[in-house]
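Descriptive structure summary
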Amino acid sequence: MPLDITITPLYRAGGQDQPSLPGLMAAVPPRQVARGRDQDRLIVHLHLAGKAVLSSGDVVQAASRAALAFYATPGTITSALRSAAEAVNDHLHDRNRQSPGQGTYAVGYLALVAIRESEITILLSGPMQAFV
């Protein structure tokens, strides 16, 4: 039996409840997916920290790269999750190398959740926690 998941972000900034959590994305498969990925669902939560000033567009772009890499990778869910994490890491690495200021960098904390039917596979990178 497939899982029914509702995502309800709880996020406060400046003492105020916010309508959405930056870097949280529930991805649906695009038209062209790798073999076996059409039934998978992906949830991406990317938190960027560090001395670099990042726009919300940068966070969305990096999270979108993870989803594209996940759905383009054939094979097991774990290999697709690894490809998604590598896509985010490569993006941040390239961005940090091209950064004009000395000591200006961005660090990413990444949580990926892949859902297939009644199974959940979680990838955490950085000081993240998952409760199931």
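Reading guide: rules and limits
- Residues numbered from 1 in each chain as written.
- Predicted model: local features only at pLDDT ≥ 70, side-chain atom pairs only at ≥ 80, totals over all residues.
- Heavy atoms only, no water.
- Helix = DSSP H or I, 4+ residues; strand = E, 2+ residues; numbered from the N terminus.
- Expected span 1.5 Å × (residues − 1).
- Buried < 20%, exposed > 50% of the residue type's maximum accessible area, 1.4 Å probe, protein only.
- Contact = heavy atoms within 4.5 Å.
- Salt bridge = Lys/Arg side-chain N within 4 Å of Asp/Glu carboxyl O.
- Pairing = 2+ DSSP bridges.
- Axes fitted to C-alpha atoms, helices over the stretch in contact; angles between N-to-C directions.

Once that is clear, we can look at helix α2 (residues 77–97). Spacing of three or four residues puts side chains on the same side of an α-helix, whose turn is 3.6 residues. An ideal rise of 1.5 Å per residue puts 30 Å on 21 residues; α2 measures up with 30 Å between its terminal C-alpha atoms. All buried positions along α2 are accounted for by I77, S79, A80, L81, A84, A85, A87, V88, H91 and L92. Where α2 is buried, its residues meet β4 (41–49), α1 (56–72), β5 (107–116) and β6 (119–125).

Time to look at the pattern of salt bridges. Following the criterion strictly, the structure yields 3 salt bridges and no others. Linking R116 and D40 is a salt bridge whose minimum nitrogen-to-oxygen distance equals 2.6 Å. Taken together, the residues R116 in strand β5 and D40 in the loop between β3 (24–27) and β4 connect sequence positions 76 residues apart. Look at R116 and you get partly exposed, because its relative accessible area is 29%.

On to the sheet that holds β3, then. Note on sheets: strands pair through backbone hydrogen bonds, and any given pair is parallel or antiparallel. The strand order across the open sheet built from 4 strands is β3-β4-β5-β6, with neighbouring strands paired in antiparallel fashion. One side of each edge strand has no neighbouring strand; the edge strands of this open sheet are β3 and β6. Sheet twist, expressed as the mean angle between neighbouring strand axes with direction ignored, is 10°. Judged from the 4 bridges that link them, β3 and β4 form a sheet pairing that is antiparallel. Across the sheet, M25 pairs through a bridge with V44, a residue of β4. Lying on the sheet, α1 is in contact with β3, β4 and β5; it crosses β4 at an angle near 145°. In this fold α2 packs onto β4, β5 and β6, with an angle of close to 155° to the strand it touches most, β5.

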